[in-house]
Every structure is written in C-alpha cells, then in structure tokens.
Amino acid sequence: MDTHLVLPAQATLGEAPLWHAREQRLLWVDIEAGTLHRFDPADGSDRALAISQPIGAVVPRRSGGVMLALEQGFAAFDPDTGALTLLADPEADRPDNRFNDGKCDPAGRFWAGTINRHREPRTAALYCLDTDLTVRRMLGGLTNSNGLCWSLDQQTFYHIDTPTRQVSAFDYRVETGRIRNRRTVVSIPPEMGKPDGMTIDAEGMLWIALFRGGCVGRWNPRDGRLLQTVSVPASQVTACAFGGAELATLYITTARAGLDEAALADQPDAGGLFAARPGVAGVEAFEFAG
Ligand code: ZN
C-alpha cells in the first residue's frame, strides 16, 4: 500500500481530520499548537488559523463556519472573521482536562470527549452538544476519549477510550442521541500500538489510527477481525478520514511530540499529513445542524 506525504506539516500533534464536502477541503488540527488547518488537495495549499488555546476537534457547521472542541469546551468559530464564541464548558471544574476527538452524529449533534493531561484514569468523559446548544454527558469514567463514528444504518455508535485498546459499540437512537448496551466489538493487540482516531467506510468497516503502531488498520466490527493495514512512514499515527473525489482517499494525520532525536532522524516526515488509496471509499461526514 502506497502511502505518501501530501503536506510536510511537521505538526506537534496533528489530529481530527475531517473532509468538508461543501468546501472540498480537509479540516484538521494541531492540538497543542492550537491551530485549525484547511488543506486543499486541488493545489496542495494549507491555511492555518491560530486559535488561542488547544483544539481537539473541528466540524463544519451547516449554517456557516465551524464548531470546535477546545480546552475550554465547545465553541463556534468563523474562519473568515476570526470570531470565536465559547458556548459551553462542561469540565470547567477540571483544569487538567481538555477536549480531544469529536465528530457530528447523523442528526447533526456535535459529540466530543475529553482527556486528562496526566492520564489520570477514569477522569474524562464524552459529551454531546445538541443542536439547541445544550450539553449532555453521554459517557463517564473515560481516560482518553478518542475515535468515534456511527454505523451506516445509524443504529450503532462506536467509540474508543484509548487505554482500553478496544472499540466499544452501543445501540444508538438518532431521534434522541441516546446510547446504551455497551459491548466490545474490536480488541487491538498491544504490538499494534494504541487505538486513536477512527472512521467508517462505505462497507461499514472501521479504520483505526494506531499511535506508535505506524499504520492504520481496517477492522470488521461484526466479527472483530483485522482485514487490512495501511502503513505510514511515521510511528505516531493519530487519526484518519476519507476525502477527495468520490471520498476515495484516506487522509492520515501524525504527530512529532514525544519523539526523541533518533526517532525524528528515522522518520523526518513525522507530523505530516499523509494520504493513501486503500481501494474502498468513505462516507460523507455529518455537519453540525445547530
Ligand atoms: Zn486522538
């Protein structure tokens, strides 16, 4: 599988790629740098916008602009004017936590989870910003809330709490957003690295970025079997998203943070944005409907 560098971003912690179909651009973030990026594959350009704090996830907003999951909670952002509006900070009482990965559900609600900077077990949670801008706590007792996506039939929610090395599945109701009946559908072997970001393809299979595993794996959530891997010339693979024409390109973010000099010499493109054509297409991401 040929994976190539499309942007030598040298990101500290590149994350949360998402294809913005209306703009035909890839949104992604550098969490610790606090920058929101818009990559245009048509000309290879990348525009970075500085946000004043760490940023865990970005999603398009149907009514214009984007929504962000920041250190200080959910926010609306207008990339044209730079106007940032903080909307809700459900963990204001937890200064060691920041928001991490997030995505919209089929009803246009924005889900995002948190992470504790010191990896204190079970101090993080998963939240949902509804379209009326109210926030609900969906899951507690997490340590590093990461990849999330919904099944093609919109009946199942998939979620990764990284240290568990598992993908949890839940029954999901699109009308209410309610999740219940948690079970494990994929277990990641320790030698493959830690599961981080996740997306789903047009065949309902899960693509999971493997941090310190140097690859993205494709798993079948129906039987838990590994189907395919796409290797990346950077060990800290953080997240992936399908984009481009026919959603046939798998974009992959990576990180430089935490690599020593020897590792950086060995993988000079760490922190870059990579792309592969795995032979299967993705599905369009949902936008925030509020
Ligand atoms: Zn992540």
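Quick look at the overall build of the chain
Part 1 of the reasoning: When helices and strands are counted, the chain shows one helix and 24 strands.
Part 2 of the reasoning: Its C-alpha atoms give the chain a radius of gyration of 17 Å, near enough to 19 Å, the size a compact globule of 290 residues would have.
Part 3 of the reasoning: Along the longest, intermediate and shortest principal axes, the C-alpha atoms of the chain span 45 × 45 × 40 Å.
Part 4 of the reasoning: Across the 290 residues that make up the chain, the buried fraction comes to 57%.
Part 5 of the reasoning: Put simply, 47% of the contacts in the chain that link residues at least 6 apart link residues at least 24 apart.

Concerning the sheet that holds strand β15 (residues 156–161)
Part 1 of the reasoning: Overall, antiparallel pairing links the four strands, which are arranged β14-β15-β16-β17 in an open sheet. Edge positions in the sheet fall to β14 (145–150) and β17 (179–187), since each has one partner strand and no second. The sheet shows a mean angle of 25° between the axes of neighbouring strands, taken without regard to direction.
Part 2 of the reasoning: Relative to β17, strand β16 (residues 166–172) runs antiparallel, the two being bridged by six bridges. Bridge pairing in β17 links D171 to R180.

Description of the side chain of D196
Part 1 of the reasoning: Along the chain, D196 turns up in strand β18 (residues 194–200).
Part 2 of the reasoning: For D196, which is buried and forms no salt bridge, the nearest opposite charge comes from R119, at a distance of 8.4 Å.
Part 3 of the reasoning: The residues contacting D196, other than those within four sequence positions of it, are E15, N146, G147, I160, T162, I208, A209, F211, V237 and T238.

Side note on the coordination of the zinc ion
Part 1 of the reasoning: Bound to the zinc ion on the protein side are E15 (OE), N146 (OD1) and D196 (OD), at distances that span 2.0 to 2.2 Å.
Part 2 of the reasoning: Between the donor residues of the zinc ion, the gaps in sequence give the motif E-x130-N-x49-D. Placement of the pair is N146 in strand β14 and D196 in strand β18, with a sequence separation of 50 residues. Here the two residues N146 and D196 agree in accessibility, since each one is buried.

Quick word on the packing of aromatic side chains
Part 1 of the reasoning: Summed over the entire model, instances satisfying the criterion amount to 12 aromatic pairs.
Part 2 of the reasoning: Between F74 and F99, the ring centres sit 5.0 Å apart and the planes meet at 50°, which makes this aromatic pair tilted. With F74 in strand β8 (residues 73–78) and F99 in strand β10 (residues 97–104), this residue pair connects regions lying 25 residues apart in the sequence. In this pair, the class of F74 matches that of F99, namely buried.

Quick word on the sheet that holds strand β3 (residues 25–30)
Part 1 of the reasoning: With respect to topology, four strands assemble into an open sheet ordered β2-β3-β4-β5, the strand pairing being antiparallel. Edge positions in the open sheet fall to β2 (14–20) and β5 (45–50), since each of these has one partner strand only. Each neighbouring strand pair of the sheet contributes to a mean axis angle of 20°, computed without reference to strand direction.
Part 2 of the reasoning: Bridge analysis of β2 against β3 gives five bridges, and the strand direction is antiparallel. In the strand pairing of β3, L18 is matched with L27.

Quick look at unusual backbone geometry
Part 1 of the reasoning: Even without a glycine there, the phi angle at R122 is positive, about 55°.
Part 2 of the reasoning: Taking relative accessible area as the criterion, R122 reaches 61% and is therefore assigned exposed.
Part 3 of the reasoning: Here N181, not a glycine, exhibits a phi torsion of approximately 65°, which is positive.
Part 4 of the reasoning: The partly exposed category is assigned to N181, whose relative accessible area is 44%.

So, how was this worked out
- Residues numbered from 1 in each chain as written.
- Predicted model: local features only at pLDDT ≥ 70, side-chain atom pairs only at ≥ 80, totals over all residues.
- Heavy atoms only, no water.
- Helix = DSSP H or I, 4+ residues; strand = E, 2+ residues; numbered from the N terminus.
- Rg over C-alpha atoms; globule rule 2.2 N^0.38 Å.
- Buried < 20%, exposed > 50% of the residue type's maximum accessible area, 1.4 Å probe, protein only.
- Contact = heavy atoms within 4.5 Å.
- Pairing = 2+ DSSP bridges.
- Axes fitted to C-alpha atoms, helices over the stretch in contact; angles between N-to-C directions.
- Lys, Arg positive; Asp, Glu negative; His and termini not counted.
- Salt bridge = Lys/Arg side-chain N within 4 Å of Asp/Glu carboxyl O.
- Donors = N, O, S within 2.8 Å, 3.2 Å for Na, K, Ca; no water.
- Phe/Tyr/Trp six-rings, centres within 6.5 Å; stacked < 30°, edge-to-face > 60°.

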